[in-house]
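Next come the chains, spelled out residue by residue.
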Amino acid sequence: MPGAGAGAGAAAAEEGGGPEAAREPARLCGYLQKLSGKGPLRGYRSRWFVFDPRRCYLYYFKSPQDALPLGHLDIADACFSYQGPDEPPAAGAAAAGPASAGGTDEPPAALFQVHSGGGVTVLKAPNRQLMTYWLQELQQKRWEYCNSLDTVKRDSRTFPNPGDFSKGLVAKDNTDVILLHPNASAEKARNVLSVEAAPGELVGEQAASQPAPAQPSSSNFSLKQWGTDIKNSMSSFRPGRGNNDSRKSVFYTNEEWELIDPNPKDLEESVVHEQVKKQTSEGNKGKRPLREMIGSYKNRHSSGDVPVEWTSGNGNKSASEVHLKLQSQQEEVERLKKELSSQKELVRLLQQTVRSSQYDKYFTSSHLCDGVPKEKLELLHQKDDQILGLSNQLEKFSLEKDSLQQEVKNLKCKVGELNEQLGMLVETIQAKDEVIIKLSRQLSECEGSSSSQVPSTFASSSGNRDLQELDRLKDSLQGYKTQNKFLNKEILELSTLRRNAERREKDLMVKYSSLEAKLCQIESKYLILLQEMKTPVCSEEQGPARDVIARLLEDALQVEGPEQPEQAFVKPHLVSEYDIYGFRTVPEDDEEEKLVAKVRALDLKTLALTENQEISTGVKWENYFASTMNREMICSPELKSLIRTGIPHEHRSKIWKWCVDLHTKKFKDRAEPGYFQTLLQNALEKQNPASKQIELDLLRTLPNNKHYSCPTSEGIQKLRNVLLAFSWRNPDIGYCQGLNRLAAVALLYLDQEDAFWCLVTIVEVFMPRDYYTKTLLGSQVDQRVFKDLMSEKLPRLHSHFEQYKVDYTLITFNWFLVIFVDSVVSDILFKIWDSFLYEGPKVIFRFALALFKYKEESILKLHDPMAIFKCLRYFTRTVLDARKLISIAFSDLNPFPLRPIRNRRTYHLEKVRLELTELEAIREDFMRERDTDPDKRDLISDDDEDS
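Presented here is a report on the structure given in the accompanying data block. Along each chain, numbering runs from 1 in the same order as the chain's sequence is written. Only residues with pLDDT of at least 70 get local features here, since the model is predicted, and only at 80 or more are side-chain atom pairs given and counted; chain-wide, interface and lining totals rely on the full set of residues. Values shown for side chains rest on all heavy atoms present in the structure; no hydrogens or waters enter the calculation.

### What about the packing of helix α17 (residues 652–663) against helix α23 (residues 752–766)?
At a minimum axis distance of 9 Å, the contact between α17 and α23 shows a crossing angle of 50 degrees. By the criterion of interaxial angle, the relationship of α17 to α23 is oblique. Along this stretch, α17 crosses α23, giving a crossing that reads as left-handed. Contacts between α17 and α23 involve K657, V660 and H663 from the former and D754, W757, C758, T761, V765 and F766 from the latter. Here the residues of the contact of α17 with α23 are counted per class, giving five nonpolar, two polar and two charged. For helices, the fitted axis covers only the stretch in contact; all axes are lines through C-alpha atoms, and the angles between them, taken along N-to-C directions, range from 0 to 180 degrees. Going along the chain from the N terminus, every DSSP run of H or I of four or more residues is numbered as a helix, and every run of E of two or more is numbered as a strand. Any angle that falls under 35 degrees is termed roughly parallel, while one over 145 is termed roughly antiparallel, one within 65 to 115 roughly perpendicular, and all others oblique. When the near helix sits turned anticlockwise from the far one by under a right angle, the crossing is termed left-handed; a clockwise turn instead gives a right-handed crossing. Whether two residues touch is decided by their heavy atoms; if any such pair falls within 4.5 Å, the residues are in contact. When residues are sorted by character, Ala, Val, Leu, Ile, Met, Phe, Trp, Tyr, Cys and Pro go into the nonpolar class, Asp, Glu, Lys and Arg into the charged class, and all the rest, Gly among them, into the polar class.

### Quick look at the side chain of S835
You can see S835 is positioned in helix α27 (residues 826–839). Relative accessibility under 20% of the residue-type maximum defines a buried residue, over 50% an exposed one, and the middle range a partly exposed one, all with a 1.4 Å probe and only protein chains included. The exposure class of S835 is buried, given its relative accessible area of 1%. Once you skip the residues sitting within four places of it in the chain, S835 turns out to touch I643, R644, G840, V843 and F890.

### Some details on the sheet that holds strand β4 (residues 71–74)
Taken together, seven strands build an open sheet; the order of strands is β4-β3-β2-β1-β7-β6-β5 and the sheet is antiparallel. Edge positions in the sheet fall to β4 and β5 (79–82), since each of these pairs with one other strand and no more. In this sheet, adjacent strand axes meet at a mean angle of 35 degrees when their direction is disregarded. A pair of strands is labelled paired if DSSP reports no fewer than 2 bridges between them. Sheet topology places strand β1 (residues 29–36) next to strand β7 (residues 119–124); two bridges connect them, and they run antiparallel. When the sheet's bridge partners are listed, K34 is paired in β7 with L123. Helix α15 (residues 617–627) contacts β2 (43–52) and β3 (57–61) of the sheet and is inclined by roughly 110 degrees relative to β2.

### Some thoughts on a nonpolar patch on the surface
Patch membership needs two things, relative accessible area over 30% and no salt bridge, and members are linked within 9 Å if like-charged or within 5 Å if nonpolar (Val, Leu, Ile, Met, Phe, Trp, Tyr). Note that accessible areas follow from Shrake-Rupley with a 1.4 Å probe, and for residues the cover is restricted to the protein chains shown. The term salt bridge refers to a side-chain nitrogen of Lys or Arg lying within 4 Å of a carboxyl oxygen of Asp or Glu. On the surface, L916, L919 and I922 cluster together into a nonpolar patch covering about 280 Å² of accessible area. You can see L919 is positioned in helix α32 (residues 899–932). With relative accessibility at 53%, the residue L919 sits in the exposed group.

### With respect to the environment of V122
Its place among the elements puts V122 in strand β7. C-alpha of V122 to C-alpha of S81: the two residues are 41 residues apart in sequence and 9.9 Å apart in space.

### Looking at the pairing of β1
With eight of its eight residues buried, β1 lies for the most part within the structure. Burial of the side chains of β1 extends over both faces: C29, Y31, Q33 and L35 are buried on one face and G30, L32, K34 and S36 on the other. What sits between β1 and β2 in their antiparallel hairpin is a turn of six residues, with G37 showing a positive phi close to 100 degrees.

### Re the packing of aromatic side chains
Two aromatic rings, drawn from Phe, Tyr or Trp (for Trp, its six-membered ring), form a pair once their centres lie within 6.5 Å of each other, and the interplanar angle then sorts them: stacked below 30 degrees, edge-to-face above 60, tilted otherwise. In this structure the tally under the stated criterion is 32 aromatic pairs. The interplanar angle of 35 degrees and the centroid separation of 5.8 Å between the aromatic rings of W621 and F625 together place this pair among those described as tilted. With W621 and F625 both in helix α15 and four residues apart, the pair spans about one turn of that helix. Given the relative accessible area of 5%, F625 is considered buried. Between the aromatic rings of F816 and F845, the centroid separation amounts to 5.0 Å while the plane-to-plane angle is 70 degrees, which identifies the pairing as edge-to-face. Residue F816 is found in helix α26 (residues 809–818), and its partner F845 is found in helix α28 (residues 842–854); the two are separated by 29 residues along the sequence. Classification of F845 as buried rests on a relative accessible area of 1%. Counting every residue linked through ring pairs, the aromatic cluster contains F786, F801, Y808, W815, F816, F820, F845, F852 and F875.

Next comes the structure, spelled out in structure tokens:
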């Protein structure tokens, strides 16, 4: 492609040392920070970016493991810019401000803008080198994509890029692409203006295995952000405080936010919490809480009065640990003191209670209460209460006295400490005064001798400042030069692309005019044809109407062939002769079938164009491969859903091989090295009973596929090798008609050995025993199971067939035997094979039912057995919408468990075996009767003589 001087293709070519490396450039993907959000929550968030070369979109995901992107940027319609070293940040970046980045000033060189779709997207790279690499790569991708619009190429589905494939017959196809010569002067100028920038660790598929870069760029912000993330993550685990829908959610941010209109219940809880906190602080007088200690340390640190032991290396850590340990011990002592005082108070109360009870018992006894009046007893009780109250006050005052004495002691200790500090400060001031006096004397003595040295000192310091300023200006100048080269390249590319777009528009106008003229000609021919058809022509003579019909048929059946570059823009795209799999799209003989095939091919192209309007499945697959780059692929729901939507053309070879290896691992582990080659060598040296039948079926396998159309085709020899090797591996089956088609489809995407193991997977792993033997016992059982599923999933259609006595298993038998080969269009066939190789034979039942459900309404309208049977023979070729069929198979038919299918197979297997046993007994009776009856034997002999 043009413009490979500064792109990934050139880098791959230089490093790989050949065109093969240039054909397969590394994917442009990696981590960047994107400015997003609104209002005060606006800030940079780390996103995983993946470039899609098919549509020139830059998709961004939350993580490499995500399947659906958060959004995309249209690079084909974008322009790029960034600020110089001393320029202020752009408006979008300034809106985020230092606060959004944790209070630190980000270097403007790491920020760049993508202007696309009428908006500006601000992105941030970890460093300037990585930013330069991303900008140049995006420029290169835009240049290649826009120049590819000037390239006359066939439909991408019909002619894929051959560099995407490594195995299989499809990889051998060459694209018939006509390249227009790009602007040589613009290409040379682009190479001159390119800046060298190597990719960092955060670019490429290897970056997916690394954690996302931290969003902040300073240590203070990282700790703060870490705490914020913990709060936000833990807040989701809090239990709800009731079913009050008006309860507000609390979000922790990097700034101190005020909660407006708080919930009354939350406010009440916070007040209670503050009261408890206050009581705790009042009860813990004489100790310093940990939060107070840390706050005082921060204040001392901010004011600059930091002790030496707190700022000296590891001493800081040890001192803080000792302080924390001392604090914890003080808290433990206080807790024990509180517990001791509470126990003493309890003992005192118990003693008072005992004394009062004894006193009451004494005065209420019989020998004291006889002569004492009741009023005196009450007076005694009151006096006792007063005595108890006074004793309590006395104890309380004594406790207060002790606390005051303790406080006095503490104050005396503090006064002593302050006196010591004051003495130390006085001594320090005296020592400083002595030093000042000494230095002043030395200064006065050295004024005369050192008068010439002082200017030189000032001159050297000013020279150092000038050198530093010069270095800074050099760096700024280099930065501005780089920015100037980039902007000049951007202007050059945009101007060239604008001229190309104008020229392309002119060419499209010419093409439009040509097509409009051709449309007018066709309309006039149809009008002439309709005018001639008003009166019936009874004679078979050649007339003008027949000439018009013949000409129209010839135009309609014309297929795409080699064309000249100058005719490319004025000639409409026609249907290609072969599709991407090598199957012929339009047959050679039948005129009526040619028209039907042409209509079918056009409908398929229309569906393919509508599929391109959605998010490219290729991006999802590339994202999946990026997330599994440094680990082996494993079965997972994500992979299963991706395979069900269809494997992209360029990844099918890899996924099929992985599926085959997954299912045949136990066989390969037991096999010796070179097992396939050994089987093939035995088959070539010794004749096999199946060899003759294999040779007869080679050219009848896929006659409409160019890889198997003639004896010299490359696929014929590979197919022969695979079938011969399998016949030696499994002599019980040897060869059965149907195995040739299975192997032929596998060879389109796999090499010979992998296609051999694919055949082993289908015959020996997926399908039941006796599926491909002479009796086809397993195949007959599956048809009965399918009948049961039809009556369960599609009861109306099943009753319709039963009513008109149509045996649809005569059609579906071949579907199961060769897995829909030659029964559906090629696009749907390979999507069925994708799911089949991953999930197994249950997929066949799903798609067989889905095909009937797809055309259920049209079949129900038929009320003639012959018409129904004729429809069943050809209706699968009219099913073209693969997305709709896949949706029916994997969504509408659910639930679809495997256990009932296995149970039904077991049930029908016994019945079929019993029927076959009865048939075998009848055959033996007939043979015995024929051998014993001379009349029948003579009759047979007469037939033999006639023959």
